[in-house]
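Observations on chain architecture
Listed below, chain by chain, are the residues.
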Amino acid sequence: MTLEIGTTFLPKVRFDANTELRKAKMRDVEQIYTLIKYWAERGLMLVRSHDHLYENLRDFFVLEDEDGHIVGSGALHLLWHDIAEVRGLAVHPDRQGQGLGRWLALAAEREARDLGVPQIFAWTLQVRFFESLGYSVTTREKLPPKVWSECNRCPFYDNCREIGVTKVLDPQHAYMRARP
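In what follows, the accompanying structure is described. (Residues numbered from 1 in each chain as written. Predicted model: local features only at pLDDT ≥ 70, side-chain atom pairs only at ≥ 80, totals over all residues. Heavy atoms only, no water.)

**Brief notes about the sheet that holds strand S6 (residues 136-138)**
On the basis of which strands lie adjacent, the open sheet formed by 7 strands has the order S1-S2-S3-S4-S5-S7-S6 and mixed pairing. Strands with a single pairing partner mark the edges of an open sheet, and in this sheet they are strand S1 (19-23) and S6. Each strand axis lies, on average, 25° off the axis of its neighbour in the sheet, ignoring direction. Direction of pairing for S6 relative to strand S7 (residues 163-168): antiparallel, over a ladder of 3 bridges. Along S7, the bridge assignment pairs Ser136 with Thr166. Across the sheet, helix H3 (residues 100-115) lies against S1, strand S2 (60-65), strand S3 (70-80), strand S4 (83-91), strand S5 (119-124) and S7, angled at about 30° from S3, the strand it touches most. (Pairing = 2+ DSSP bridges. Helix = DSSP H or I, 4+ residues; strand = E, 2+ residues; numbered from the N terminus. Axes fitted to C-alpha atoms, helices over the stretch in contact; angles between N-to-C directions. Contact = heavy atoms within 4.5 Å.)

**Details of the layout of surface pockets**
Roughly 1300 Å³ of internal volume is contained in the largest pocket. Per-element tally for the lining of the largest pocket: the top contributor is S4, with 7 residues. Class assignment of the residues belonging to the lining of the largest pocket gives a composition of 22 nonpolar, 11 polar and 10 charged. (1 Å grid on protein atoms, 1.4 Å probe; cavity = no way out; pocket = protein on both sides within 12 Å on 5 of 7 lines; lining within 4 Å. Points joined across faces, edges and corners; volume = space filled by probe spheres on them. Nonpolar A, V, L, I, M, F, W, Y, C, P; charged D, E, K, R; others polar.)

As structure tokens, this is what we get:
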């Protein structure tokens, strides 16, 4: 019997290729899907369906290299007037360790600030990464109920391994005010 951890294969990309950050376009959906699926098959993030990607495409940023490969994706998903989720953050394995994930996360944060969103959060298995960006570990109970409605639709709701992290951008208007 053979056990396959992941059946999704990504194209080889050049480690030193120039990369551009931009908002996602329709033509990017298949590459975003494949990149996220690659990591989901390894148990490191949730898979996102094609339907989800098309319906939420305006949330996504991508990093495209000069060869036309999407080497990173990330999204800022607005949940309510006072909170948004950073999600779909993935970097091609051949481009790990170059700060691309940081670039994507900071792009989502910049957009949240530009929109006036006072607090952002993420569900993650990469807690140290988010802590390095100023996020703090939190629990579902400390986040707004709107977050729970998203969780309730997740297939891993009863067996969730992800850890909540949050970052307050505007303490006066955030759902959970910063504590001294």
